[in-house]
Structure formats: C-alpha cells, structure tokens
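Next come the chains, spelled out residue by residue.
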Amino acid sequence: MKMEDMEGKMLSEKDQNPEPFLTSLDIFLFSLIAGLFIYWFFFRRRPEPVPEIKTVTTSASQPICETSFIEKLKKTNRNIVVFYGSQTGTAEEFSNRLAKDAHRYGMKGMAADPEEYDMSELSRLKEIPNSLAVFCMATYGEGDPTDNAQEFYDWMQGTDDNLEGVNFAVFGLGNKTYEHFNAMGKYIDKRLAELGGKRVFDLGLGDDDSNLEEDFISWKEQFWPAVCEFFGVEATGEDSSIRQFELVVHNDINMNQVYTGEMGRLKSFQTQKPPFDSKNPFLAPVTVNRKLNKGGSRHLMHLELDISNSKIRYDAGDHVAVYPTNDAAVVNRIGERLGVDLDTVISLKNLDEESNKKHPFPCPTTYRMALTHYLDINNPPRTNVLYELAQYATDPKEQEIMRKVASASPEAKALYQNWVVDSERNILAILEDLPSLYPRIDHMCELLPRLQARYYSIASSAKVHPTSVHICAVVVEYTTKTERVFKGVATNWLKNKVITDNGHKPTVPMYVRRSQFRLPFKASNPVVMIGPGTGIAPFMGFIQERALQKEQGKEVGETILYFGCRHKNEDFLYQLELEDFERAGVLTQLNVAFSRDQEQKVYVQHLLKKNKEHLWKIIHSNNAHIYVCGDARNMARDVQTAFHEIAQEVGGLTHTQAVDYFKKLMTKGRYSQDVWS
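(A) Seen up close, the overall build of the protein. Regarding its fold elements, the protein presents 21 helices and 25 strands. For the protein, buried positions account for 51% of its 677 residues. Contacts in the protein between residues at least 24 apart in sequence constitute 76% of all its contacts with a sequence separation of at least 6. Carbon and sulfur atoms make up 49% of the accessible area of the protein, which amounts to about 32800 Å² in all.

Structure, rendered in structure tokens:
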C-alpha cells in the first residue's frame, strides 16, 4: 500500500490594532502553536480505537454478529473446531470435510473462519473436554497468510498466551514450485507448540503442484486414528452420507428476490454502490478486446475494462480479479443428463441452525444460476464428491468405482489420479461415463465447490490509464485424454466479451487486489524485468510508468526487459508498443528470446547469461531491482538458477553464497516474483 504525503498549512493571523495586546514574538509563538495543533488535529491524529464487532454475512443480506467460538462450541455440544485460512476455497472445503468426518468417531465438529471469531479465546479451548483445534492453512503469495487469516497471524506473532492444555493439529496447503512452500502451515504448527499447545498429530503438508487431494486424504486417514487413540475413543462405524443442507423449492416467489449471479447484496449488479471488493464486484464495461498474436493456433488477447466512476484505485503490479461464468452449453447438458428443470427456484438451507453459513451459495436462486455463477463444474471433482454421489449409481460396478477412488489405498489413489485427474473428467464427463449415475441435483450442488474469481496481473499503469484496467491473457483450450475439449472457464468467457456492432459493451464483474509487486521508490534505480508470454503483463504497466517519469523530467534508471515467445512473427506480444518504448529511450534494453525460430530453443535465461557482466554490475553495484513474472514451475526456477550462475561466474561467489545473496535480495524487496503454477 502506498503512503501518501499530506501537508498541513500553517495558519497565522496578523493583528491590525494600533496598540497590540501581544508582542510580535507572542503572536509568532501563538501562531506556531496553533498551526501545529491544527496540523496534528486534521492530518496526524489517529482515530480512537473502537471495540470491534465481528460481522459475518450469512446470506447476502443477513449479517450476524459472532465473537466467541468457545461459547458456540459449548452451546452446540461440539468438541472439535476446524479453522481455515483460505484464498481460493480449498482450505475451507477441507475444513468442512474434517468437521463432517468427526461424527464417524463419536465427536462433533464445526468449520470456522478465524476472521469471524475472537481468536484470543483459543486458550479457553481446554474448558471443553476432549477438545481439539485443527487448522487448515493455505499459504498465499510470498509465504503470506490468506486474507481471512491475516488478523489471526498477526495475533499469533504478538501473543504470549499460555496454550497449555490446548490440543491441536495442522494441515498446510502449499505449492512446492514457490519459494516459501507451506510457510503458513509450518509457522502455525511451530507457534502453537511454542505457546504450550499439545500437538495431537504431525503437521501435514499438501502440495498443489503434485496432488493436493491425495496429500490431504493420506494425512486424514492417519489423523483420525491418532485422534481416537489420543482421546481413547473408537470409530462408531457410521459411514453413511450426511446431508449438511436441506432443499427448499420456491413454487411461488417474487423473482426480484432471486439471486442471479450476485456475490453479496441482492440486486447489487442493478444498483452499484462502492466500495467494490470480493463481495461487491464492479461491473466494468469492456471497451477493448483485441487479439495480440499475429498467427499460430493460440489466442492471446488484450482487454481494457472501464472503471470510470467506480472509485477503484490501483497501482502498476496489482491484480484484477474477475468473476467468470460457466459455459451455458455445459450447464444445459448437465440439466438434460439429470432430467431436471434448471429454472426451478430453490434454496439450500443449512440443517445446523447455529451455523454461520446458512447457504452454500447465495439463495434463493435457480439451479441454472447456481451451475452458471456459483459452482465449479469445469474442474475434476474431489474424492469426497464422488464418494457421496456413489449412492445414486444403480450399477454396483460404477458405485464401486466411485467409492474406491475416495479411499487412501495406493490402488485407489492411482485410480483417482488416472481416471479423474489425468483424464480431466469434470462432473459432466463423470455423469456421461457412468450411465447409471443419477444423483439428486440439489445434493450435487451442495457438494460441488464454489466457482472462484480468477486473478490477472494488471497490464497498465493507473498513472497513465486512471480510468481503465488492462488484462493480457491466453485462451486455454485443448483436447483431453478422453477426446473431450477442455476450455478454461475464465479465458473463454473473456474471449467472448466483444463489443457488438451497435456499440453495446459487455461487462465483467471485477475488483482490484493489492500486491507487493512494485517499482522501486526511486525512479533512478535500474530495473530488470523478466516476463515471457503473458508474464509481460505487469511490465507493460511498469514501462508506461517509467515513460511518464521520464516525460516529467525525472532521472530514470536503466529499464531492461527480457521477454520470450515462440515465434517473432506469431506471438511477439505488444511488439509495436515495446519497440516504440525502446526508440524513445524508455526501454534501455529490449531482449527477446524467440524459442522456436531456430533449431536450438532459446529462452530468457539464456539471454540473461549472455549479458551476465552488465547484469551483475547493475545488481551488485547500482542497486538494481529484479522482477520475474510468469510460470513458477520451470521459468522462474531457471531464471533464478541463471542469476546464481552469474553471481558465481562474474561475482566470484560459491554456489551457497550465490543462493544466499539472492535470498537476501528477496528479503530486501529487490527480487520480486509474480508467478503462477
């Protein structure tokens, strides 16, 4: 977040009386004190702290207040609470599954968002017999907590509460392609033990780069026996499906009371009110949607979203979140396959009246709206979904397949990996390939995860384009092992957001998420930007900003770009703009690796090594800042390896010293990454 300087003006008065009551020195001192007081009062004073009331939105229009999870556990006779730190919904989903599992072991659990409760009450958990706190914690960004776990993380860092007698277990959700793998899970597990908590089961580390679902199942299968042994209880043997929500069909309802894609407030798309965020996205008109590549089989695109009159602010390097909708053809095929009227108005009502989560998605709505706006129907379903829907298969063999993939045996894991994940079977493909499977659509809607917002690095600078946000993306579309065409939900949806012949501009529900990916405070610092493919996006904003600084007469340091694509004549993104920036002297170096224009493939890391002497000089001696954007799995690692080799070959460092050198640059904010897996 940028701090903005504010200046207070000194106020002074000059007494015009011929016989002054005060001397000129007195007047000067009085004016000085008065001016300082006014400056302090209006600009520097901090508001008085107000006792915080936690507000939870249960349905879009029904906020309730909740502060004590201890009292809630006591009131509902529960002894297990599963907290989640979740950015995309997976950790929340895992928490719900663990809470639901508890009944099979004679216990009662509840999933809880730490943002909704007073976490300083954690030490009171020992008041409840045989109690346990489980934490499903995802790591976000550069080893950071998720948005909903930020306050809990801050509290954990500062507290010295005695947690003796508090039983806990932690499962972390991370990705090994990132530098700070599972940092949050590791920290919470370590910190709870430091504060005196009793670890009931070992820390679980899920890796989304491999198979997060498999990691979770493996951990869960060992976790529950350890809990039973710790508390001296036995599994009840109950293995039946338990519904969390009941179906309510609205046969006679005013359609103005029905949700049609809103994330929070009913009719928020008709009457837009700032501030705009994840619960209240802004409907931004698409003013530009053009294809960037000149050839090839792929479709790379540049979109511009109009944010005029929204009061939305952003900085170069921030992310724009968009809420896509599922393909209408896929939604219709699900309805046809199950033989249901998708326009039936329904609500799914939580059977637990004490739960904060009254509905799994905004209700009342229709099945069509739920499958279009609220549920993820494009990705392979997780094992718990298949397990619970198995009961609806009339063919015993098909039922056995669905139950088998949910178990923890090596054979089951291999089956799930091969038949579901690697084959990329979504819920429609599973329905088509298991012809005896006819689940209740309301139960299926209860089990499917929420459709999540998609994040894109903003490809513009607000200093140059204050009323628009630019997106650079590649349309995802390919054929799977089952010969089906997989289409990325968001990119195909964005591709179709074209301005009609009569000038009608389609809209995109969006909001801005702040990041730490920022240009250096001093414009005179050199910057080295590495962004192949759509990784060029944030650097378009950076370059626009450096061009503006140069126009304003500021001293601007070297601005060096390393871009990579397949062919110069096909997918050299923003070629004309970049060459113009180079001619204007804004880009001091434009280095482009065309990987497939010659027999031997050339990537950005090879170009870095070619310029190793100059790069080492500006990094080591001139305080250059390095930025990397794009693929985390291969490119980001290869670029980091190239920098390590440069430090060894030019700087004379050992391998260990080189690795440590760049880790310190990361800590200082001089090596920043905006990468995805």
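(B) Summary view of the sheet that holds strand 10 (residues 245-249). Spatially, the three strands line up as an open sheet ordered 10-14-15, and their pairing is antiparallel. For this open sheet the edge positions go to strand 10 and strand 15 (365-366), each flanked by a neighbour on one side alone. Summarising the sheet, strand 10 and strand 14 (residues 345-350) pair through five bridges and their orientation is antiparallel. Bridge pairing links Glu246 to Lys349 in strand 14.

(C) Summary view of unusual backbone geometry. Residues Pro274 and Pro275 are joined by a peptide bond in cis, for which omega reads 0 degrees. Relative to the elements of secondary structure, Pro275 occurs in the loop between strand 10 and strand 11 (282-291). The omega angle of the peptide bond from Cys363 to Pro364 is 0 degrees, so this bond is cis rather than trans. Here Pro364 is to be found in the loop between strand 14 and strand 15. Even without being glycine, Lys267 reaches a positive phi, approximately 65 degrees. Topologically, Lys267 is positioned in the loop between strand 10 and strand 11. One non-glycine residue with positive phi stands out, namely Asn623, at about 60 degrees. Here Asn623 is to be found in the loop between helix 19 (612-620) and strand 24 (625-631).

(D) Structural context of the packing of aromatic side chains. As enumerated under the stated definition, the model contains 32 aromatic pairs in all. Plain terms: the ring middles of Trp219 and Phe223 are 4.7 Å apart, the flat faces sit at 15 degrees to each other, and that makes the pair stacked. On the criterion of helical spacing, the pair formed by Trp219 and Phe223 is a turn pair, its members being four residues apart in helix 6 (residues 212-231). The same class applies to Trp219 and to Phe223, which are both buried. Ring geometry for Phe563 and Phe572: centres 5.8 Å apart, planes at 20 degrees, overall stacked. When its relative accessible area of 0% is taken as the criterion, Phe563 is described as buried.

(E) Quick look at the packing of helix 20 (residues 632-649) against helix 21 (residues 655-667). Closest axis-to-axis distance for the helix 20/helix 21 pair is 9 Å, and the angle between their directions is 120 degrees. Classified by the angle their axes make, helix 20 and helix 21 are oblique. Along this stretch, helix 20 crosses helix 21, giving a crossing that reads as right-handed. Residues Gln640, Phe643, His644, Ala647 and Gln648 of helix 20 touch helix 21, and the partners they reach there are His655, Ala658, Val659, Phe662 and Met666. Each residue belonging to the contact of helix 20 with helix 21 can be placed in one class, and the counts come to six nonpolar, four polar and no charged.

(F) Geometry of the environment of Glu579. Its place among the elements puts Glu579 in helix 17 (residues 575-583). On a C-alpha basis, the gap between Glu579 and Leu590 in space is 7.9 Å, while along the polypeptide they are 11 residues apart. Sequence-distant contacts of Glu579, that is, excluding residues within four places in its chain, are made with Phe572 and Leu590.

(G) Expanded view of the nonpolar core. One finds Ile334, Leu371, Ile377 and Met444 to be the most contacted residues of the largest nonpolar core, which totals 44 residues. The set of elements that each furnish at least two residues to this core consists of helix 7 (328-338), strand 14, helix 8 (367-374), helix 9 (383-389), helix 11 (410-422), helix 12 (427-433) and helix 13 (441-447). Among all residues touching Leu371, those that are not within four sequence positions of it are Asn326, Val331, Ile334, Leu342, Ile377, Ile441, Met444 and Cys445.

(H) Broad picture of the confidence of the model for the protein. Overall, the predicted model of the protein reaches an average pLDDT of 90, with 90% of residues at or above 70. For the stretch residues 1-25, pLDDT sits under 50, and the model shows 19 contacts to residues farther than four places along the chain or on other chains. For the stretch residues 37-65, pLDDT sits under 50, and the model shows 40 contacts to residues farther than four places along the chain or on other chains.

(I) Broad picture of the pairing of strand 24. With six of seven residues buried, strand 24 lies mostly within the body of the structure. In this sheet, strand 24 lies alongside strand 21 (residues 527-530) in parallel orientation, the contact comprising four bridges. The residue of strand 24 that forms the bridge with Val527 is His625. The pairing of strand 24 with strand 25 (residues 671-676) spans six bridges and is parallel. By the bridge assignment for strand 25, Gly630 is matched with Val675.

(J) Layout of the pattern of salt bridges. One pass over the full model with this rule turns up 38 salt bridges. The closest approach of N and O atoms between Lys75 and Glu354, which form a salt bridge, is 3.6 Å. One end of the pair, Lys75, is in helix 2 (residues 69-75); the other, Glu354, is in the loop between strand 14 and strand 15, with 279 residues separating them in the sequence. Here Glu388 makes a salt bridge to Lys100, at a shortest N to O gap of 3.0 Å. Of this pair, Glu388 sits in helix 9 while Lys100 sits in helix 3 (residues 90-101); the two residues are 288 residues apart in sequence, bridging distant segments of the chain. Residue classification places Lys100 among the partly exposed residues on the basis of a relative accessible area of 22%. Through salt bridges with shared partners, one network takes in Glu71, Lys74, Glu121, Arg124 and Glu127.

So, how was this worked out
- Residues numbered from 1 in each chain as written.
- Predicted model: local features only at pLDDT ≥ 70, side-chain atom pairs only at ≥ 80, totals over all residues.
- Heavy atoms only, no water.
- Helix = DSSP H or I, 4+ residues; strand = E, 2+ residues; numbered from the N terminus.
- Buried < 20%, exposed > 50% of the residue type's maximum accessible area, 1.4 Å probe, protein only.
- Contact = heavy atoms within 4.5 Å.
- Areas by Shrake-Rupley, 256 points an atom, 1.4 Å probe, with all protein chains shown as cover.
- Pairing = 2+ DSSP bridges.
- Phe/Tyr/Trp six-rings, centres within 6.5 Å; stacked < 30°, edge-to-face > 60°.
- Axes fitted to C-alpha atoms, helices over the stretch in contact; angles between N-to-C directions.
- Parallel < 35°, antiparallel > 145°, perpendicular 65-115°, else oblique.
- Left-handed = near helix turned anticlockwise from the far one by under 90°.
- Nonpolar A, V, L, I, M, F, W, Y, C, P; charged D, E, K, R; others polar.
- Core = buried A, V, L, I, M, F, W, Y, C linked by side-chain atoms within 4.5 Å.
- pLDDT = per-residue confidence, 0-100.
- Salt bridge = Lys/Arg side-chain N within 4 Å of Asp/Glu carboxyl O.

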